[in-house]
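# Structural overview for review
So the chains spell out like this:
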Amino acid sequence: MAAIFKKSTKKPKESEIKMFNKILIANRGEIALRIIRTCKEMGIKTVAVYSIADKESLHVRFADESVCIGPPPSKESYLNMSRIIAAAEITNADAIHPGYGFLSENSKFSKVCAENKIKFIGATPDQIDSMGDKANAKDTMKKAGVPVIPGSDGLLENLESAKKIAKNIKYPVILKATAGGGGKGMRLVWKEEDLENAWASARQEAGAAFGNEGVYMEKYIEEPRHIEIQVAGDQYGMACHLSERDCSIQRRHQKLVEETPSPFMTKELRKKMGDAAIKAVKAIRYEGVGTVEFLVDKHRNFYFMEMNTRIQVEHTITEEVIDYDLVKEQIKIAAGVSISGKNYEPHLHSIQCRINAEDPFKNFVPCPGKITNYHSPGGHGIRIDTHVYAGYVIPPNYDSMIGKLITVARTREEAITKMQRALDEYIIEGVKTTIPFHQALMKDENFRKGNFTTKFIEDFWK
Ligand code: MV4
């Protein structure tokens, strides 16, 4: 097997590194296609895996080889580790790219890949686990000198100590499930008399959802912005950041629009947040590309929230403003190529609208079904990452994102204008989509002023 599996202390030259011969993509939809595109440009062969529901998908058509791994439910296909490993063995793939979601942050899968001498293009099991438990991740970050939100030291032991800590940091406080993320098992508490119920229900919800009742407490930050830093780390301990993304436009913890640079960012804040993100990467000797998420309050205080050890849906906007292929970088880092340690500043403005097969006028209810007519916008500064086409049937089994519309321009105003023009050109018939929501948002005065927090959509779209 190639030398890439050894963690050597010596940095090889890029020309000495053995690049992967064939990568299996353990994912579907637009991200599978996105990864195949980069592999083609790098001269790496590709294997698609697919469920029966996806046999007509473009990722199957564009990959060099494909293997059916089971019936439509994710548990029996895209989450089925042994079938995916078997597909890699029979096709002789030397690496697996997990994309986002599914097995991308599953430490057991990362471990099983290593045990089978298949390089997992992502984090090591230890790195995944160190960020998977949120209270533990927070403790690691605090020790590394990354700002964290005041609260309990680790898990809350009982209601009495929870009351004491809350009194100390003052209400409002928030209870968070240590195994959580994405809002599950989270409870906002405004006054002591509500703590008992919140404590019980947070633990119960966390136990049911994650099989782990552990919760911790933080001071509640009112109307924060969600700003994340894209980072990269190599196998030799070098790290860099690639600036921020503002992901404050969310609804029920689902991101709808992302942009970079953040309209709230300053040069000084970027320097501070970038330094903190690099400390986070170095603290866990992170390998690969990742994201350090922060909450930023109105005074521009920022606090570590969580770290994602995968490529994210919104990686595209970073690629557009710094002219860098993040999937290529992931593959190179996994193969053992070193990075320079130079940080990147955006020199353009990019916005991404997530186009979901959902009805924005009916509470964003998913609308699977056949796309009867399809025309995508084009022209200067437009990028579309999608796997759909006219006649494609969106299966009901997976998430409802059908594509990402990305614009890039010199200024935020121009990127918004371009987005409006592109949204008006985008024809998707047969299913409801989030396009009308985005059209309304792009016209909104507060959005246009960059005047928004994570609470914005709650009030904007009722
Ligand atoms: C918070 C917070 C305010 N104060 N923590 C939501 C998901 C989870 N990853 C963390 N979340 C929050 N944590 C403190 N101490 C507000 C949120 C929050 C939020 C954060 C980012 C983006 C959107 C959000 C929507 C609601 C609440």
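All values derive from a computational prediction rather than experimental measurement.

### Things to note about the overall build of the protein
Scanning the protein from terminus to terminus reveals 15 helices and 22 strands. The C-alpha atoms of the protein give 22 Å as radius of gyration, which agrees with the globular expectation for 462 residues (23 Å, within 12%). Overall size of the protein, expressed as C-alpha extent along the three principal axes, is 60 × 55 × 45 Å. A burial count over the protein gives 58% of its 462 residues as buried. Expressed as a percentage of contacts within the protein between residues at least 6 apart in sequence, the contacts between residues at least 24 apart total 67%. When the accessible surface of the protein is totalled, it reaches about 19,700 Å², and 49% of it is carbon and sulfur.

### Thoughts on the site of the ligand
Around the ligand, 17 residues are found, and the nearest of them are Lys176, Glu218, Lys219, Ile221 and Glu306. Between the ligand and Glu306, the relevant distance is 3.1 Å, taken from a nitrogen atom to a side-chain nitrogen or oxygen of the residue. About the coverage of the ligand: the protein hides 89% of its 530 Å² of free accessible area. Counting only elements with at least two residues in the shell around the ligand, the list comes to β6 (173–177), β8 (215–219) and β13 (302–308). Here the residues of the shell around the ligand are counted per class, giving 7 nonpolar, 6 polar and 4 charged.

### With respect to the packing of aromatic side chains
One pass over the full model with this rule turns up 16 aromatic pairs. Ring geometry for Phe361 versus Trp461: centroids 5.7 Å apart, planes at 45°, classification tilted. With Phe361 in the loop between β15 (358–359) and β16 (365–366) and Trp461 in the segment after α15 (456–460), this pair connects stretches of sequence that are 100 residues apart. Taken together through their ring pairs, the aromatic side chains of Phe361, Phe364, Phe437, Phe447, Phe452, Phe456, Phe460 and Trp461 make up a single cluster. Note that Arg300 overlies the ring of Phe264, its terminal NZ or CZ placed 3.9 Å from the centroid. The ring of Tyr344 carries the charged tip of Lys342 above its face, separated from the ring centre by 3.9 Å.

### Quick word on the side chain of Thr453
With respect to the secondary-structure elements, Thr453 resides in the loop between α14 (445–449) and α15. On the accessibility criterion, Thr453 (12% relative accessible area) is buried. The residues contacting Thr453, other than those within four sequence positions of it, are Glu223, Pro224, Arg225 and Ser248.

### Some remarks on the side chain of Lys332
Position of Lys332 relative to the elements: it lies in helix α11 (residues 326–335). For Lys332, a relative accessible area of 16% corresponds to the buried category. Excluding residues that lie within four positions of it along the chain, Lys332 makes contacts with Glu14, Met19, Met42 and Val337.

### Remarks on helix α13 (residues 435–443)
Two residues of an α-helix separated by three or four positions point the same way, owing to the 3.6 residues in each turn. Within α13, the full set of buried residues consists of Ile435, Phe437, His438, Leu441 and Met442. All buried residues of α13 lie within an arc of 155° about the axis, which places them on one face of the element.

### Brief notes about the pattern of salt bridges
Per the stated rule, a full pass over the model turns up 36 salt bridges. In this structure, Glu319 and Arg34 form a salt bridge, with 2.7 Å as the shortest nitrogen-oxygen distance. Taken together, the residues Glu319 in helix α10 (residues 315–322) and Arg34 in helix α1 (residues 29–42) connect sequence positions 285 residues apart. Both residues of the pair, Glu319 and Arg34, count as buried.

### A look at unusual backbone geometry
A cis geometry characterises the amide bond from Tyr171 onward to Pro172, with omega recorded as 0°. Here Pro172 shows up in the loop between α7 (159–169) and β6. Here Thr260 and Pro261 are connected by a cis peptide whose omega angle stands at -5°. Within the fold, Pro261 resides in the loop between β11 (254–260) and α9 (267–283). The phi angle at Asn92 is positive, at roughly 65°, despite the residue not being glycine. In this fold, Asn92 is placed in the loop between α3 (81–91) and β4 (95–97). Phi is positive for Arg300, close to 65°, though the residue is something other than glycine. Summarising the element assignment, Arg300 is placed in the loop between β12 (288–296) and β13. Residue Arg300 is classed as partly exposed on the basis of its relative accessible area of 33%.

Parameters and conventions
- Here the residue numbering is sequential within each chain, running from 1 through the sequence in written order.
- A pLDDT threshold of at least 70 governs which residues receive local features in this predicted model, and a stricter bar of 80 or more applies before side-chain atom pairs are shown or counted, although totals over entire chains, interfaces and linings include all residues.
- Side-chain figures throughout are based on the complete set of non-hydrogen atoms in the structure, without hydrogens or water.
- In this description a helix means any DSSP run of H or I spanning at least four residues, a strand means any run of E spanning at least two, and both kinds are numbered starting from the N terminus.
- Radius of gyration means the value over C-alpha atoms here, while the globule rule gives 2.2 Å times the residue count to the 0.38 power.
- Per-residue accessibility, obtained with a 1.4 Å probe over protein chains only, is compared with the maximum for each type, and a residue is labelled buried under 20%, exposed over 50%, and partly exposed between these values.
- Residue contacts are counted whenever heavy atoms from the two residues lie within 4.5 Å of one another.
- Only the protein chains shown count as covering a residue, and every accessible area follows the Shrake-Rupley method with a 1.4 Å probe.
- Summary of the distance rule: residues count as near a molecule or strand when at least one heavy atom falls within 4 Å of that molecule or strand.
- The definition of a polar contact used here is a pair of N or O atoms within 3.5 Å, where within protein one atom must be able to donate a hydrogen and the other to accept one, and adjacent residues in sequence count solely through side-chain atom pairs.
- Only Asp, Glu, Lys and Arg are considered charged, only Ala, Val, Leu, Ile, Met, Phe, Trp, Tyr, Cys and Pro nonpolar, and every remaining residue, Gly among them, polar.
- For Phe, Tyr and Trp, where Trp contributes only its six-membered ring, two rings pair if their centres lie within 6.5 Å, and the inter-plane angle classes them as stacked under 30 degrees, edge-to-face over 60, or tilted in between.
- To sit over a ring, a charge needs its Lys NZ or Arg CZ within 6 Å of the ring centre and within 35 degrees of the ring normal.
- For this quantity, the arc is that covered by the directions from the helix axis to the C-beta atoms.
- Whenever Lys or Arg places a side-chain nitrogen within 4 Å of a carboxyl oxygen from Asp or Glu, that contact is recorded as a salt bridge.

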